[in-house]
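What follows is each chain in one-letter form.
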Amino acid sequence: MDTVAHTTPVDGGLTWRNGFAALSPAFHTRLQPRPLPAPYWVGRSLPVARELGLSDAWMASDDALQRLTGNRLFAGGDALASVYSGHQFGHWAGQLGDGRAILLGETTAGLEVQLKGAGLTPYSRGGDGRAVLRSSIREFLCSEAMHGLGIPTTRALAVTGSDAPVRREEVETAAVVTRVAPSFVRFGHFEHFLHSGQHAELKTLADYVIDRYYPECRDSTAFNANPYANLLCAVSERTARLLAQWQAVGFCHGVMNTDNMSILGLTIDYGPFQFLDAFDPGHVCNHSDSGGRYAYNKQPNIAYWNLFCLGQALLPLVGEQDLAMAALESYKTVYPEAFERLMGAKLGLTEPREGDRALIESTCKLLAQHRVDYTLFWRHLSQHVAGGPVDPVRDLFIDRAACDAWLLQYSEHTREVSLRPSADLMLKTNPKFVLRNHLGELAIRRAKLKDFSEVDTLLGLLHSPFDEHPGFDAYAALPPDWAAGIEISCSS
Ligand code: AMP
Ligand code: MG
């Protein structure tokens, strides 16, 4: 019985505008999600619900559960799957598309609502259109964790589960994640229209993206006032800033294919991602990535490679190769600037000064050499600068002398009173809590037993990862030994 039916409008009261759906059928196929039997709640993010204008009461209702599983449609939405293509692991993969994601519509507030794992689409390519519980929990938690860290990302409103079997390496159960973002357009959408020779549609898509999300590109006089070159430049800059944030927080995406790159510079498509434990620049988090293409330290270059693919896709609109190349150039200045600023903030440096870069480099080198836990190092250092003891920092090193030498270099760099590191800045920049693999794994193990309390606990911590959360220190501790054995692949 839906107890809130009398006080809450049916379907949460969402109102819709459906901008992407208004594009021609070349862009998408209208369809409906396929129902799942006896759904149950796995997780809900009430801050996302509030952003959509959904009440907490509706989010507790059976109506919400059914609609966010795809068992009931939102009146006024315009459900569809979109077509895109892309480069996967460096090779042209041809047509891909939303194989298991169904866009329910776009609200009048300009937020698209999408169900991932809601059933077959014309782009499922032999897949089953479903997502399993474990990967859905990971996507749900990490989307919200990234937002908590201040990193641009698609959001996650909810995860629902069903006992319906889903076959992967073994038989698992189905789940649906409701994702929310202003747009789910990827680099691969543009590549699709270039490679299929649909240049009129390519222009339609670029114009749509500019008008809706980058209107300043129309008016800019840069790049010979070419709006498409300006778009390429703007996307390059956003992507550069995103990558700087990933690197600074120690986030590995794991599958940076061009179909997993957001045109809005959002983190999108959480698969085999990982937050680094011990700092290993060459770390490869995706068990399927045998060549290490998407290793942590390769991500910034891969993003540029992907932007180059986007540049090629936009070339018929930009017109001149030189102009496209010039538009991409911004990445090469914005990325290092943003990275240096973020790493400076991690060190508590409020003003740039000579020698910053050298200090940042020697810090990264030290952490790599001694395989120091990345998150704990920065958090303990912040606490130390805030007046706490130095021991927690030193205890992260087997070789204490190496740590002491670095601490000396750090204190010399920040010796002058006006250059003292800001503990406040550090505590707001260096999170206490990140979604380490083993934390996700523990929540998943419990969820498989229908205990979703860990999902909820993690969500609460990760929504405000810079807060201390007394009593939850175990969630900020070093990973247990078994964490090193967790293998996360593309299977999801
Ligand atoms: P991903 O590696 O998750 O970004 O997925 C790459 C492509 O495969 C996208 O087109 C997905 O929609 C599609 N895909 C992944 N898993 C499935 C599935 N279980 N059923 C249908 N399509 C899928
Ligand atoms: Mg994808």
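Overview of the structure. Here the structure is a predicted model, which is why all the values come from computation and not from measurement.

## Focus: the site of ligand 1
(1) Moving on: The local shell around ligand 1 holds 17 residues, among which Gly97, Gly99, Arg125, Asp128 and Gly129 are the closest.
(2) Moving on: Arg100 has a polar side-chain atom sitting 3.2 Å from a nitrogen atom of ligand 1.
(3) Moving on: Within the side chain of Asn260, a nitrogen or oxygen atom sits 3.0 Å from an oxygen atom of ligand 1.
(4) Moving on: Relative to its unbound accessible area of 480 Å², ligand 1 is 81% covered by the protein chains.
(5) Moving on: When atom positions are compared with the pocket grids, ligand 1 is found to occupy the largest pocket.
(6) Moving on: Partitioning the shell around ligand 1 into residue classes produces 2 nonpolar, 7 polar and 8 charged.

## Some points on the packing of aromatic side chains
(1) Moving on: In total, this model carries 23 aromatic pairs according to the counting rule given.
(2) Moving on: Ring centres 5.1 Å apart and planes at 80 degrees place the aromatic pair Phe377 and Trp378 in the edge-to-face group. The pair Phe377 / Trp378 is uniform in exposure class, with both members buried.
(3) Moving on: Among the aromatic side chains, those forming a connected cluster through ring pairs are Phe279, Tyr296, Tyr374, Phe377, Trp378, Phe397, Trp406 and Tyr410.
(4) Moving on: Taking NZ or CZ as reference, Arg67 lies 5.6 Å from the ring centre of Phe74, over its face.

## Notes on empty space enclosed by the protein
(1) Moving on: Under the definition given, this model contains 5 cavities of 30 Å³ or more.
(2) Moving on: Of the voids in this model, the largest cavity is the one considered here, and its volume is about 80 Å³.
(3) Moving on: Along its surface, the largest cavity is lined by Phe20, Leu80, Ser82, Asp98, Leu103, Glu112, Gln114, Ser183, Phe184, Val185 and His189.
(4) Moving on: For the lining of the largest cavity, the elements supplying multiple residues, two or more each, are strand E3 (80–82) and strand E7 (112–116).
(5) Moving on: The class makeup of the residues in the lining of the largest cavity is 5 nonpolar, 4 polar and 2 charged.
(6) Moving on: Considering only enclosed or pocket space, the second largest cavity measures out at about 60 Å³ in volume.
(7) Moving on: As for the second largest cavity, its lining consists of Phe308, Gly311, Gln312, Leu315, Gln321, Ala324, Met325 and Leu328.
(8) Moving on: Only helix H10 (299–318) and helix H11 (321–346) provide two or more residues apiece to the lining of the second largest cavity.

Calculation rules
Residues numbered from 1 in each chain as written. Chains lettered and ligands numbered in written order. Predicted model: local features only at pLDDT ≥ 70, side-chain atom pairs only at ≥ 80, totals over all residues. Heavy atoms only, no water. Near = heavy atom within 4 Å. Polar contact = N/O pair within 3.5 Å; in protein donor to acceptor, adjacent residues only side chain to side chain. Areas by Shrake-Rupley, 256 points an atom, 1.4 Å probe, with all protein chains shown as cover. 1 Å grid on protein atoms, 1.4 Å probe; cavity = no way out; pocket = protein on both sides within 12 Å on 5 of 7 lines; lining within 4 Å. Sits in = over half its atoms within 2 Å of the grid points. Nonpolar A, V, L, I, M, F, W, Y, C, P; charged D, E, K, R; others polar. Phe/Tyr/Trp six-rings, centres within 6.5 Å; stacked < 30°, edge-to-face > 60°. Buried < 20%, exposed > 50% of the residue type's maximum accessible area, 1.4 Å probe, protein only. Lys NZ or Arg CZ within 6 Å of the ring centre and 35° of its normal. Points joined across faces, edges and corners; volume = space filled by probe spheres on them. Helix = DSSP H or I, 4+ residues; strand = E, 2+ residues; numbered from the N terminus.

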